[in-house]
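# Summary of structural features
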Amino acid sequence: MHIPSFQEDHDSQIPALQLFQNLGYTYLSPEEAFQARGQKLTNVLLETILEKQIKKINKITFKGYERSFSDSSIRNAIRLLKDIHLEGLIHTNEKIFDLLSLGESFKEDIDGDVKSPQLRYIDWETPSNNTFHVTEEFEVEKSSSHETRRPDIVLFVNGIPFAVIECKR
């Protein structure tokens, strides 16, 4: 007689991870994800990936030349996304939505000329310029305590968590 498995990882989590990998997501082990977020359970951004992607998808065109954003602007962009102050669910979500969909402008000194070009977190026009990652058992420490939560699967776009999936049998 066949005894059914009641382990959610066998019945739903592993097949879901395989599905996302087949869709083009790169799998990160929990250890790799922990490293990419600076080994901090309170940090949900995969900062090393986000920094690399911001550099890749953002160029400043000025007088016919392309330039990169300064390291300072890139660090400020990451900090802006990372340090969103909680002001109620709706207002906080609106702020994050605006940042992700519109980007943010940063002052850049370009050959003695100060400009404020728009820096984007996601390349909405050319999705293939973005990176897509999936990880499992993504442990996060709550900001108000040392309690943790561990979603089964988290999907990332350019190192930014976009979806959390809880697997059930």
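The following paragraphs examine the structure supplied in this document. Just so it is clear, the model here is predicted, and its values are computed rather than measured.

Membership of the largest hydrophobic core comes to 20 residues, with the highest contact counts inside it found for Leu 50, Ile 54, Ala 77, Leu 81, Leu 119, Tyr 121 and Ile 160. Elements represented by at least two residues in this core include exactly α3 (47–57), β2 (60–62), α4 (71–82) and α5 (89–102). The dominant element in this core, judged by the number of residues it contributes, is α4, at four residues. Grouped together as the second largest cluster of nonpolar side chains are nine residues, Leu 28, Leu 46, Val 140 and Phe 156 included.

Here we come to the sheet that holds strand β8 (residues 132–136). By way of backbone hydrogen bonds, the strands of a sheet pair with one another, either parallel or antiparallel. Judged by pairing direction, the sheet is mixed, and its four strands sit side by side in the order β1-β8-β11-β12 without closing on themselves. Among the strands making up the open sheet, the edge pair consists of β1 (26–28) and β12 (160–165). Ignoring which end each strand starts from, the neighbouring axes of this sheet average 25° apart. Looking at chain direction, β8 and strand β11 (residues 153–157) are connected through five bridges and run antiparallel. The residue bridging Phe 132 from the neighbouring strand is Val 157, located in β11.

This part covers α5. The end-to-end C-alpha separation of α5 is 20 Å, in line with the 20 Å expected for 14 residues at 1.5 Å each. Listed as buried for α5 are Thr 92, Leu 99 and Leu 100. Down the axis of α5, the sector holding all buried residues measures 90°, keeping them to one side. Facing away from the buried surface of α5 by more than 90 degrees, the exposed residues are Ile 90, Phe 97 and Leu 102. The inward-facing, buried residues of α5 abut α4, β4 (104–105) and β12. Of the residues one or two after α5, Gly 103 is the one with positive phi, at around 85°.

Our next topic: the packing of aromatic side chains. Tallied over the entire structure, the rule returns three aromatic pairs. Pairing Tyr 25 with Phe 132 gives two aromatic rings, centres 5.6 Å apart and planes at 70°, and the pair type is edge-to-face. Placement of the pair is Tyr 25 in the loop between α1 (8–22) and β1 and Phe 132 in strand β8, with a sequence separation of 107 residues. Look at Phe 138 and Phe 156: their rings are 5.3 Å apart centre to centre, the planes differ by 70°, and that puts the pair in the edge-to-face class. Pair noted here: Phe 138 is in the loop between β8 and β9 (140–141) and Phe 156 is in strand β11, with a separation of 18 residues, a long-range link. Looking at Phe 156, the relative accessible area reads 0%, which means it is buried. Connected via pairs of aromatic rings, a cluster forms that spans Phe 20, Tyr 25 and Phe 132.

This part covers the layout of surface pockets. With a probe scaled to a water molecule rolled over the atoms, the places where space remains empty come into view. Counted as a void, the largest pocket has a volume near 940 Å³. Lining the largest pocket are 25 residues, with Thr 42, Val 44, Lys 82, Leu 86 and Ile 96 sitting closest to its centre. Put simply, the parts of the chain that give the lining of the largest pocket at least two residues each are α4, α5, β9 and β12. Residue composition of the lining of the largest pocket, by class: 16 nonpolar, five polar and four charged.

Scanning the model with the defined rule gives eight salt bridges in all. Measuring nitrogen to oxygen at the nearest pair gives 3.4 Å for the salt bridge that ties Glu 51 to Lys 55. Pair noted here: Glu 51 and Lys 55 are both in helix α3, with a separation of four residues, about one helical turn. One salt bridge in this structure joins Asp 123 and Arg 120, with 3.3 Å as the shortest N-O distance.

Here is what the cut-offs are and how they apply
For every chain, the first residue of its written sequence is number 1, and the numbers climb from 1 along that sequence. Only residues with pLDDT of 70 or above have their local features reported here, since the model is predicted, and side-chain atom pairs are shown and tallied only from 80 upward, although totals for entire chains, interfaces and linings are computed over all residues. Only heavy atoms go into the side-chain values, all of them from the structure, while hydrogens and water stay out. In plain words, nonpolar cores are sets of buried Ala, Val, Leu, Ile, Met, Phe, Trp, Tyr and Cys residues tied together by side-chain atoms within 4.5 Å. Each residue's exposure class comes from its accessible area (1.4 Å probe, protein chains only) as a fraction of the maximum for that residue type: buried when under 20%, exposed when over 50%, partly exposed otherwise. Here a strand is any run of E in DSSP of at least two residues, a helix any run of H or I of at least four, and the numbering for each starts at the N terminus. A strand pair is defined by DSSP finding two or more bridges across the two strands. For helices, the fitted line uses only the C-alpha atoms of the stretch in contact; every axis is such a line through C-alpha atoms, and the angle between N-to-C directions lies from 0 to 180 degrees. One less than the residue count of a helix, multiplied by 1.5 Å, gives the span that helix is expected to have. For this quantity, the arc is that covered by the directions from the helix axis to the C-beta atoms. By the convention used here, residues are in contact when the closest approach between their heavy atoms is within 4.5 Å. A pair of aromatic rings is counted whenever rings of Phe, Tyr or Trp (Trp by its six-membered ring) have centres within 6.5 Å, and the orientation is called stacked for planes under 30 degrees apart, edge-to-face for over 60 and tilted otherwise. Lining residues are those with an atom within 4 Å of a point, where the points come from a 1 Å grid over the protein atoms alone and group into cavities, where a 1.4 Å probe fits but cannot get out, or pockets, open sets with protein on both sides within 12 Å along at least five of seven lines. Grid points are joined across faces, edges and corners, and a volume is the space filled by probe spheres set on the points. All residues other than Ala, Val, Leu, Ile, Met, Phe, Trp, Tyr, Cys, Pro, Asp, Glu, Lys and Arg, Gly among them, are scored as polar; the first ten of these are nonpolar and the last four charged. Should a side-chain nitrogen of Lys or Arg be within 4 Å of a carboxyl oxygen of Asp or Glu, the pair is scored as a salt bridge.

So, to be careful, I would describe these as geometric facts and stop short of saying anything about function.
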